[in-house]
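Analysis of the macromolecular model
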Amino acid sequence: MPAASAPAERAGERAPSGWEVKAFAAPKRAAALAGFALIVLSVVAAVTLYNRARTAPPVTFTTLAGERIAADDLHGKVVLVNFWATTCAVCAREMPQMVETHQAYASRGFEVIAVQSSG
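Residues numbered from 1 in each chain as written. Predicted model: local features only at pLDDT ≥ 70, side-chain atom pairs only at ≥ 80, totals over all residues. Heavy atoms only, no water.

Of regular secondary structure, the chain possesses two helices and four strands. Going from N to C terminus, the chain has its helices and strands arranged as α-β-β-β-α-β. A burial count over the chain gives 12% of its 119 residues as buried. Across the chain, contacts joining residues at least 24 apart in sequence account for 50% of those joining residues at least 6 apart. Looking at the chain as shown, the accessible area adds up to about 9800 Å², and 62% of this sits on carbon and sulfur atoms. (Helix = DSSP H or I, 4+ residues; strand = E, 2+ residues; numbered from the N terminus. Buried < 20%, exposed > 50% of the residue type's maximum accessible area, 1.4 Å probe, protein only. Contact = heavy atoms within 4.5 Å. Areas by Shrake-Rupley, 256 points an atom, 1.4 Å probe, with all protein chains shown as cover.)

What follows deals with the packing of aromatic side chains. Under the defined criterion, the tally for this structure stands at one aromatic pair. Residues tyrosine 105 and phenylalanine 110 carry aromatic rings whose centres are separated by 6.4 Å and whose planes lie at 85° to one another, so their mutual orientation is edge-to-face. For tyrosine 105, a relative accessible area of 40% gives the class partly exposed. A relative accessible area of 15% places phenylalanine 110 in the buried class. (Phe/Tyr/Trp six-rings, centres within 6.5 Å; stacked < 30°, edge-to-face > 60°.)

It is worth spelling out the pattern of salt bridges at this point. Enumeration according to the criterion identifies one salt bridge in this entry. The salt bridge involving lysine 77 is made with glutamate 111; its shortest N-O contact spans 3.3 Å. Of this pair, lysine 77 sits in the loop between β2 (68–70) and β3 (78–85) while glutamate 111 is found in strand β4 (residues 110–117), placing the two residues 34 residues apart along the sequence. (Salt bridge = Lys/Arg side-chain N within 4 Å of Asp/Glu carboxyl O.)

Next up on the list: the state of the cysteines. In this structure the tally under the stated criterion is one disulfide. With its sulfur 2.4 Å from that of its partner, cysteine 88 forms a disulfide with cysteine 91. Between cysteine 88 and cysteine 91 the sulfur-sulfur dihedral comes to about 75°; the bridge is accordingly right-handed. The partly exposed category is assigned to cysteine 88, whose relative accessible area is 24%. (Disulfide = S-S within 2.5 Å.)

Examined bridge by bridge, β3 and β4 share eight bridges and lie parallel to one another. If you follow valine 81 over to β4, its bridge partner there is isoleucine 113. In this fold, the crossover linking β3 to β4 by way of helix α2 (residues 89–105) has right-handed handedness. (Pairing = 2+ DSSP bridges. Right-handed = clockwise from strand over helix to strand, strands pointing away.)

Looking at the secondary structure, you find threonine 63 in the loop between β1 (60–62) and β2. What makes threonine 63 partly exposed here is its relative accessible area of 25%. When the C-alpha positions of threonine 63 and isoleucine 113 are compared, they lie 8.8 Å apart, and in sequence the two are 50 residues distant.

This is the structure we're talking about:
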């Protein structure tokens, strides 16, 4: 009599339902746990990146009047930092619109900081 093969390999036979559960429950459970762990890690990474993105780097601006403005002084405000060059015609043309926008929304905590470069 030949050696018996594994239940799944026997032609025409079905393994008892208890054997199937034991054979396949552990891999399914491991896959489910791995998927859950991946989701948790993804959420933690997203929250960490979101919190980092919400904080401005420590920077200080100097106004034309010589006043220094630190990033901490702008906490709680919406700030547009516009980098522009004196040699940029488009940059110069958009400045009046920047001023208008600032005047319209300054009372709601909106600040515009124009950083000029001479390049």
